[in-house]
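# Chains, contacts and geometry: an overview
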Amino acid sequence: MFFLRALILIVVAVLLIYWLRRWTNRTSGPGESPSQGLSCCSYCKVNFPSSESVSEGNQIYCCEAHRLAARQSNEQ
Ligand SMILES: [Zn+2]
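Because the structure is predicted, anything quoted here is derived from the model rather than measured.

## What to know about the overall build of the protein chain
- From N to C terminus, the protein chain includes two helices and four strands.
- Secondary structure elements of the protein chain occur, N-terminal to C-terminal, as α-β-β-β-β-α.
- By residue count, 4% of the 76 residues in the protein chain fall in the buried class.
- Taking the intrachain contacts of the protein chain between residues at least 6 apart in sequence as the baseline, contacts between residues at least 24 apart amount to 10%.

## Regarding helix α2 (residues 64-75)
- In this model α2 runs 17 Å from its N-terminal to its C-terminal C-alpha over 12 residues, within 8% of the 16 Å that 1.5 Å per residue would give.
- In terms of burial, α2 is largely open, as just one of its 12 residues are buried.

## Notes on unusual backbone geometry
- The phi dihedral of Lys45 falls on the positive side, at around 65°, and the residue is not glycine.
- Within the element layout of this structure, Lys45 appears in the loop between β1 (38-40) and β2 (47-49).
- Lys45 gets classed as exposed once you count the C-beta atoms within 10 Å, which come to 8.

## So, the confidence of the model for the protein chain
- Per-residue pLDDT for the protein chain has a mean of 86; in total, 87% of the residues score no lower than 70.
- For the protein chain, helix α1 (residues 2-32) is the element with the lowest average pLDDT, namely 83, and strand β4 (residues 59-61) is the one with the highest, namely 94.

## A look at the environment of Cys62
- Summarising the element assignment, Cys62 is placed in the loop between β4 and α2.
- Put simply, Cys62 and Cys44 are 18 residues apart on the chain and 8.2 Å apart in space, counted from C-alpha to C-alpha.
- Setting aside its immediate chain neighbours within four residues, Cys62 contacts Cys41, Cys44, Val46 and Phe48.

## Quick look at the environment of Glu52
- Within the element layout of this structure, Glu52 appears in the loop between β2 and β3 (54-56).
- Sequence separation between Glu52 and Leu38 is 14 residues; the distance between their C-alpha atoms is 9.5 Å.

Criteria and thresholds
- Residues numbered from 1 in each chain as written.
- Predicted model: local features only at pLDDT ≥ 70, side-chain atom pairs only at ≥ 80, totals over all residues.
- Helix = DSSP H or I, 4+ residues; strand = E, 2+ residues; numbered from the N terminus.
- Buried ≥ 20, exposed ≤ 12 C-beta atoms within 10 Å, placed from the backbone.
- Contact = placed C-beta atoms within 7 Å.
- Expected span 1.5 Å × (residues − 1).
- pLDDT = per-residue confidence, 0-100.

Right under this line is the structure:
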């Protein structure tokens, strides 16, 4: 019986560590996003997360619409 109890304890401990790791990864995820930095849209000058950026050449835009709008204004 001692062996069975030890086995159950080990399984519970492993599951607990696994769950704790998943939980800490999940909570640290959103906390890291502000440190990713903001980009400034070349068209409307609004700051937005760099992960959402749309780039063309060395210009960065907040959305596809502003990228197209900036391209059209450059062509005129
Ligand atoms: Zn914009």
